[in-house]
Each structure stands twice: as C-alpha cells, then as structure tokens.
Amino acid sequence: MTEVQTALQNALPQHVAIIMDGNGRWAERQGRPRVWGHKKGVDAVRRAVSFCRKLGIQSLTLFAFSSENWRRPEDEVSGLMQLFLLVLQQEVKTLHKNNVRLNIIGDLSPFSDKLKQHIKEAQQLTAQNTALTLNVAANYGGRWDIVQAAQQLAQKVADGALTATQIDEQMLSGCMQMHDQPELDLMIRTGGDVRISNFLLWQAAYAELWFTETLWPDFDDQVFSEALATYASRERRFGCTGAQIRELAMRPIQG
Ligand code: IPE
Ligand code: IPE
Ligand code: MG
C-alpha cells in the first residue's frame, strides 16, 4: 500500500501527460493552414514545460504525433515532420540549460536518418538532467507500446531466460516506455474531445483524466492550473473505499 499512500499524499501530480489536440481547428478558425496551428502549438509546449519545471512536476509526457496520424494528408504529415526537426534543433540547448531531460517515446523506425540522429544527440546531451523529464511521443501508440513490451518478454522466453508463467504485470510494466519514471497521475486532453486516441493505454490505468475545450495553442498556465486544482480535489481510491483512503492518507509513510 506504500505506493498508494505516496500517490495520495501528493497534491501535485508527479507525472502529467497531455494530448495536445486542437491545433488544426485553431488555425482553421483564423482562416490559416493547419500547419500554422501546429507552429503556434510549439509556444504552448514551451509554456507547459516551463510551468512544470517551476512547479517541480517530475515528468511531462506530450503526445506530438500518433501512430494513426500518418493517415493525414501528405503535406500536413511532412509539415509536422519538418516542424519536429526544426523544434528539436532550436530547443535542445534551452532545454539542456534548464536541466530538462528529453526522452522521445514511440516507434522511431519510419523517421528519416537525419531526424533519428538529432533525436539521439538530443537525448544523449540531456540524459543526466534532473529538473524535469520531458517525454515527447512521436509515432507513438498505446497498443504499439504494449506489443513492443510483449515482444521483449517473448524473446526472453524464446531464449530460455524466462518461462511464460513467470510473466506478471510488474515484468510487463518494466518493458513499457517510461518504466523508469513515476506512474502517470494525470492525463489532460485539450480540444474538446473526450477520448484517449490510443495514447498511454497501459500507463493510464489509474491516472486521473481531465478534458478541456481549450484548443492546444491557447493552453496556458491558467488552464494548466485549473487541471491541477481539479486533480488535487479528486479522491483517488485505487480500488479501496473512501474511508480506507482517508485513513491511509493520514498515516505516516513507513519504509
Ligand atoms: C493535434 O492537433 C496535433 C496533432 C495531432 C499532430 P490536431 O491537428 O489534431 O487539431 P484538430 O483536432 O484537427 O483541431
Ligand atoms: C491525438 O489527436 C494525437 C495527438 C494529439 C498527437 P488526434 O487529433 O489525432 O486524435 P483523433 O484522431 O481525433 O482521435
Ligand atoms: Mg485532433
């Protein structure tokens, strides 16, 4: 129960994930091309990162490009790829200066060699930073994440290092993306839709969900604060009763 207790005693989430949705509509409303909205979305990313750093949130995970987003028109996909590369080149120094560790999650195999190289260098440069871990999900899908974890374990079984019955939740968790980071506490989605869109399926098992009509380019510290205030006011029960939770929250954490 110690994990439950630790989660309960933190009014501030340790790990926040955001589905940054609504860039396209934001641009369309102003009669601009959708890619303009993605560009403006980068300013909101900067704000969210510095807000998390200021508050002392340990991990921020941003959904930048889903495994399904390849279905979009070619020019939007290539615009997004160019933007990703540009932002990576422009922002890494600042992230490093601010002690932020950058970690890209997702299936990177279809990306260009140039992009892959930049990702590798950015991750290496910032690997030892401790103020905040910024996970950027690129070509990420929650189902893909579970599949790649299953493949790692299947390989161990094939190699004779493990039997199938030894596999448990903890072992599978250990193979998922971000297994080295705090459990996901809060998942935010902007843009008004109430769905997960194949984001962190495994990791969201007990996350609190918060949805806002605000379109991503308009997301600011005030909206973020609203999400955090709602989070702090929720009673997380993890399967227990409310009475058990209130008692646990009062008890000092042991060992
Ligand atoms: C989210 O904004 C960003 C990405 C999916 C890359 P959208 O582009 O989905 O914006 P809407 O939902 O069409 O407004
Ligand atoms: C989810 O948004 C993916 C990202 C924010 C990167 P989408 O706009 O792709 O989600 P759907 O298609 O509306 O569910
Ligand atoms: Mg969308």
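Before any of the text, the structure's been laid out above.
Residues numbered from 1 in each chain as written. Chains lettered and ligands numbered in written order. Predicted model: local features only at pLDDT ≥ 70, side-chain atom pairs only at ≥ 80, totals over all residues. Heavy atoms only, no water.

Q: Sorry, what's going on with the packing of aromatic side chains here?
A: The geometry of two aromatic rings is summed up by the distance between their centres and the angle between their planes. For the structure shown, the criterion picks out 11 aromatic pairs. Ring geometry for F51 against F224: centres 5.3 Å apart, planes inclined by 45 degrees, an arrangement best described as tilted. In this pair, F51 is assigned in helix α3 (residues 34-55) and F224 in helix α8 (residues 221-233), connecting sequence segments 173 residues apart. A single burial state applies to F51 and to F224, both of which are buried. Ring geometry for Y140 and W144: centres 6.0 Å apart, planes at 80 degrees, overall edge-to-face. (Phe/Tyr/Trp six-rings, centres within 6.5 Å; stacked < 30°, edge-to-face > 60°. Helix = DSSP H or I, 4+ residues; strand = E, 2+ residues; numbered from the N terminus. Buried < 20%, exposed > 50% of the residue type's maximum accessible area, 1.4 Å probe, protein only.)

Q: Help me out: how do you make sense of the site of ligand 2 in this one?
A: Around ligand 2 lies a shell formed by I19, M20, D21, F63, A64, F65, N69, R72, R189, R195 and S197. At 3.1 Å from an oxygen atom of ligand 2 is found a side-chain nitrogen or oxygen belonging to D21. The side chain of S197 places a nitrogen or oxygen atom 2.6 Å from an oxygen atom of ligand 2. Alone, ligand 2 offers 390 Å² of accessible surface; in the complex the protein occludes 78% of this. Broken down by element, the shell around ligand 2 gets its largest block of residues, three residues, from strand β2 (residues 59-66). Here the shell around ligand 2 is built from residues that sort into five nonpolar, two polar and four charged. (Near = heavy atom within 4 Å. Polar contact = N/O pair within 3.5 Å; in protein donor to acceptor, adjacent residues only side chain to side chain. Areas by Shrake-Rupley, 256 points an atom, 1.4 Å probe, with all protein chains shown as cover. Nonpolar A, V, L, I, M, F, W, Y, C, P; charged D, E, K, R; others polar.)

Q: Before we go on, may I ask you to explain the pattern of salt bridges in this structure?
A: Side chains that differ in sign of charge can pair as their charged atoms come close. Counted under the stated rule, the structure contains 17 salt bridges. Of the charged contacts, one joins R25 and D193 as a salt bridge, the two residues approaching to 3.9 Å between their closest N and O atoms. Here the residue R25 occupies a position in helix α2 (residues 23-29), and D193 occupies one in the loop between β5 (186-189) and β6 (208-211), the gap between them amounting to 168 residues. Under the relative-accessibility criterion, R25 is labelled partly exposed at 29%. (Salt bridge = Lys/Arg side-chain N within 4 Å of Asp/Glu carboxyl O.)

Q: Where do I start with the side chain of T126 in this structure?
A: Positionally, T126 belongs in helix α5 (residues 113-126). In this structure the side chain of T126 is engaged in a polar contact, spanning 2.9 Å, whose partner is the backbone oxygen of A122. Apart from residues lying up to four places away in sequence, T126 is in contact with V92, H96, V100, R101 and L102. (Contact = heavy atoms within 4.5 Å.)

Q: Hey, could you run me through the site of ligand 1 in this one?
A: Not every one of the 13 residues close to ligand 1 is listed here, only the nearest: D21, G24, R25, R34 and R72. Measuring from an oxygen atom of ligand 1, one finds a side-chain N or O atom of R25 at 2.7 Å. Contact distances for ligand 1 include 2.8 Å between an oxygen atom and a side-chain N or O atom of R34. Elements with a minimum of two residues in the shell around ligand 1: α2, α3 and α4 (74-97). A per-element tally of the shell around ligand 1 places α2 first, with three residues. Class assignment for the residues of the shell around ligand 1 results in three nonpolar, five polar and five charged.

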